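Residue-level structure breakdown
As a plain string of letters, each chain reads:
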Amino acid sequence: MDLFTLSWSALRHGVAQLPDAALDAPSGCRGWRVRDLVHHLILQAQDVLVTLATPAETAPTDDALSWWTPTPMPIPPDGHCPYDALIVRMADAYGSAAQVRDSFEHVAAAAGRAALLAHPDLPASARGRTLTVRDYLGALVLEATLHHLDLVADQRSAEGSAVEGPPAESLAAAREMVERRLRLRLPEAWTDADALRIATGRRPATSAERAELDALGPRGQMLPLSFG
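Attention shifts here to the packing of helix α5 (residues 133–152) against helix α7 (residues 192–199). One way to put it is that α5 packs onto α7 with a least axis distance of 11 Å and a crossing angle of 95°. The angle between α5 and α7 places the two elements in the roughly perpendicular class. Here α5 contributes L142, T145, L146, L149 and V152 to the contact with α7, which in turn contributes A193, L196 and R197. Residues of the contact of α5 with α7, tallied by class, amount to six nonpolar, one polar and one charged.

Here we come to the nonpolar core. Formed by 65 residues in total, the largest nonpolar core has its most connected members in V38, Y136, L142 and L151. Among residues more than four places away in sequence, those in contact with V38 are V15, L18, L23, V100, F104 and L151.

With that out of the way, let us pick up the pattern of salt bridges. The final tally for this structure, using the stated rule, is 15 salt bridges. D150 is the salt-bridge partner of R202, the closest N and O atoms lying 2.7 Å from each other. Of the two residues, R202 sits in the loop between α7 and α8 (207–214) while D150 sits in helix α5, which places them 52 residues apart along the sequence. Here the two residues R202 and D150 agree in accessibility, since each one is buried. The shortest N-O distance in the salt bridge between D192 and R175 comes to 3.0 Å. Residue D192 is found in helix α7, and its partner R175 is found in helix α6 (residues 168–182); the two are separated by 17 residues along the sequence. For D192, a relative accessible area of 25% puts it in the partly exposed group. Within the structure, one salt-bridge network assembled from shared partners comprises D24, R33, R35, D36 and D92.

A word on unusual backbone geometry. Going from L223 to P224, the amide bond is cis rather than trans, its omega being 5°. Relative to the assigned elements, P224 resides in the loop between α9 (218–222) and β4 (226–227). A positive phi angle, near 55°, is found at R127, a position not held by glycine. With respect to the secondary-structure elements, R127 resides in the loop between β2 (123–126) and β3 (129–132). Taking relative accessible area as the criterion, R127 reaches 52% and is therefore assigned exposed. Residue R183 is not a glycine yet carries a positive backbone phi of 55°. As for its position among the elements, R183 is in the loop between α6 and α7.

Bringing helix α1 (residues 2–17) into the picture now. The end-to-end C-alpha distance of α1 is 23 Å, a good match for the 22 Å that 16 residues give at a rise of 1.5 Å each. Restricting attention to buried positions, one finds in α1 the residues F4, S7, W8, A10, L11, G14 and V15. Relative to the axis of α1, the buried residues are bounded by an arc of 160° and lie together on one face. Summarising the geometry of α1, the exposed residues directed more than 90 degrees from the buried face are D2 and A16. Its buried side turned inward, α1 meets α2 (34–52), α4 (97–117), α5 and α6.

Cut-offs applied
- Residues numbered from 1 in each chain as written.
- Predicted model: local features only at pLDDT ≥ 70, side-chain atom pairs only at ≥ 80, totals over all residues.
- Heavy atoms only, no water.
- Axes fitted to C-alpha atoms, helices over the stretch in contact; angles between N-to-C directions.
- Helix = DSSP H or I, 4+ residues; strand = E, 2+ residues; numbered from the N terminus.
- Parallel < 35°, antiparallel > 145°, perpendicular 65-115°, else oblique.
- Contact = heavy atoms within 4.5 Å.
- Nonpolar A, V, L, I, M, F, W, Y, C, P; charged D, E, K, R; others polar.
- Core = buried A, V, L, I, M, F, W, Y, C linked by side-chain atoms within 4.5 Å.
- Buried < 20%, exposed > 50% of the residue type's maximum accessible area, 1.4 Å probe, protein only.
- Salt bridge = Lys/Arg side-chain N within 4 Å of Asp/Glu carboxyl O.
- Expected span 1.5 Å × (residues − 1).
- Arc of directions from axis to C-beta.

Below, the structure is given as structure tokens:
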């Protein structure tokens, strides 16, 4: 629960730091500009609010790990599937960069407050599945951290300093979640950010990194995978 609050607050701060020009730069999600990514995050924040307000009457069917299903396809957004294209059109409807940022902050702040007020053991419904609030928010640490990496993939503030990335605690927790879900330990020398980007296809592995993955056996050779 605390880690979600940390990750979510850092993501909100990252969006707030973005200069206007940065919103039309590429994000770490292929086919999406930063503007498109922020609109996707608005929808994610709305999902958090709906889920926390939708208690389930059935026992949990999933936990923070089983919530994620690593699959070979699709890779992160490439702008071609209907949802990706819809996000782009909706993001273009905002009148200004400030409006995009303000819209996200408005709903993201509400989602953050709802998370603080929710009972951790309450079963909640999301995407036709049931899991405790604790596990739901725990699962979202991975999504918040990956999208925070997407946010800063190509961004610099107006003063030239890097827009702040995810906290070290969030990166470490997200990496552990990916490794546990894959039942695979990624190379120890890799930074958490690199491990997450490579494992989820957010950047291609170098020749040396590819060789390290292949040396891990069939599971390493399957990477990158999409977590969805």
